[in-house]
Amino acid sequence: ILGANLSFVAFAFIPPILWLLFYLREDKHPEPKLLLLLVFVGGMASAFVALASECLWMVISSGSCSGGIGGISPLIMFAVISLIEEYSKYLPVRILAERRTDFDEPIDAMIYMMTSAMGFAALENLLFVFPIFRQNIFTGLEITTNRFLGANLLHALSSGIVGFFIARAFFSPRRHHFVALGIVLASIFHTLFNYLILMRGVVAQGTFFLILLLATMAVMVFVDFEKLKKTGS
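What comes next is a walk through the structure. (Residues numbered from 1 in each chain as written. Predicted model: local features only at pLDDT ≥ 70, side-chain atom pairs only at ≥ 80, totals over all residues. Heavy atoms only, no water.)

## Overview of the overall build of the chain
Link 1 in the chain: For the chain, the helix and strand inventory stands at 8 helices and 0 strands.
Link 2 in the chain: Reading the secondary structure of the chain in the N-to-C direction produces α-α-α-α-α-α-α-α.
Link 3 in the chain: Going through the 233 residues of the chain one by one, you find that 45% of them count as buried.
Link 4 in the chain: Long-range pairs, those at least 24 residues apart, make up 77% of the contacts in the chain with a sequence separation of at least 6.
Link 5 in the chain: Accessible area of the chain: about 11,800 Å², with a carbon and sulfur share of 71%. (Helix = DSSP H or I, 4+ residues; strand = E, 2+ residues; numbered from the N terminus. Buried < 20%, exposed > 50% of the residue type's maximum accessible area, 1.4 Å probe, protein only. Contact = heavy atoms within 4.5 Å. Areas by Shrake-Rupley, 256 points an atom, 1.4 Å probe, with all protein chains shown as cover.)

## Structural notes on the nonpolar core
Link 1 in the chain: Membership of the largest hydrophobic core comes to 52 residues, with the highest contact counts inside it found for Tyr23, Tyr112, Met118, Val221 and Phe225.
Link 2 in the chain: Contributing elements (two or more residues each) for this core: helix H1 (2-24), helix H2 (33-62), helix H3 (74-97), helix H4 (107-135), helix H6 (151-168), helix H7 (175-199) and helix H8 (206-232).
Link 3 in the chain: Residue contributions to this core peak at 13 residues, all from H4.
Link 4 in the chain: Residues within four places of tyrosine 112 in sequence aside, it is in contact with Glu31, Pro32, Leu35, Leu36, Val39, Val93, Ala97, Asp102 and Phe103.
Link 5 in the chain: Residues Trp57, Met58, Met77 and Phe78 belong to the second largest nonpolar core, which totals 5 residues. (Core = buried A, V, L, I, M, F, W, Y, C linked by side-chain atoms within 4.5 Å.)

## Quick look at the pattern of salt bridges
Link 1 in the chain: Applying the stated criterion across every chain, the model contains 1 salt bridge.
Link 2 in the chain: Put simply, lysine 89 and glutamate 86 hold a salt bridge, and the shortest N to O gap is 3.1 Å. With lysine 89 and glutamate 86 both in helix H3, this residue pair falls 3 residues apart, about one helical turn. Take lysine 89 and glutamate 86: they sit in the same class, and that class is buried. (Salt bridge = Lys/Arg side-chain N within 4 Å of Asp/Glu carboxyl O.)

## Considering the side chain of threonine 115
Link 1 in the chain: Note that threonine 115 resides in helix H4.
Link 2 in the chain: Relative accessible area serves as the criterion here: at 1%, threonine 115 is assigned to the buried category.
Link 3 in the chain: When sequence neighbours within four positions are dropped, the list of residues in contact with threonine 115 reads Leu20, Leu24, Leu36, Val39 and Phe40.

## Structural notes on the side chain of glutamate 54
Link 1 in the chain: Secondary-structure assignment places glutamate 54 in helix H2.
Link 2 in the chain: For the buried glutamate 54, which has no salt bridge, the nearest side chain bearing the opposite charge is lysine 89, at an N-O separation of 10.0 Å.
Link 3 in the chain: In this structure, glutamate 54 is in contact with Ile81, Ile84 and Glu85, ignoring residues within four places of it in sequence. (Lys, Arg positive; Asp, Glu negative; His and termini not counted.)

## Some details on the packing of H2 against H3
Link 1 in the chain: One can describe the packing of H2 onto H3 by two numbers: an axis separation of 8 Å at closest approach and a directional angle of 145°. The interaxial crossing formed by H2 with H3 has right-handed handedness. Each of Leu35, Leu38, Val39, Gly42, Gly43, Ser46, Val49, Ala50, Ser53, Glu54, Trp57 and Met58 in H2 lies in contact with H3, whose residues at this interface are Met77, Val80, Ile81, Ile84, Glu85, Ser88, Lys89, Leu91, Pro92, Val93, Leu96 and Ala97.
Link 2 in the chain: Grouping the amino acids of the contact of H2 with H3 by side-chain chemistry returns 16 nonpolar, 5 polar and 3 charged. (Axes fitted to C-alpha atoms, helices over the stretch in contact; angles between N-to-C directions. Left-handed = near helix turned anticlockwise from the far one by under 90°. Nonpolar A, V, L, I, M, F, W, Y, C, P; charged D, E, K, R; others polar.)

Structure below.
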């Protein structure tokens, strides 16, 4: 039983770690592994912060953490949840990395934001997929694959966008404005993704729009990486 449970945990962590390794290759000056690990664990902790905040919002909105959100539209629900999650993923970077001497070039902001996001995604995978794995391993594998290509990639890309705006704040006296703008923009993309997931069975070509959204975000993050690499070189 212990071996099976460890296997389930591994499946929760492997997808976000693969995405993280992919993006870490873009960094010409690798960050300290211990600090990356610290931010990754901080990202895991931020998932609990997000869950608690979302639960509090639901209690305020409907009087119950598990009873839904009453008459609130799905779009507003997803917007609030997205904003909470994007800000939560930013907190480990702000608390654990931003004031370190190793945080010394603009591209580091994107690296650490993506690291935090993958910690967040790993814990989210664990909470979401683990019960399903215990019931049906094949269904669990299918959902893990879908999350690798969907939710995990979304977290990496949305946090990458926040990281780019944090990086631009290196050169601006209005630092907090840039950070806020990045979180809001990432939250908009996050909201659209969640809404399309909900509506893809209703909206014609819903899957196509999901792919288009992720592709647009991927191009943005790639271009941002290239800009920051030139800035830091």
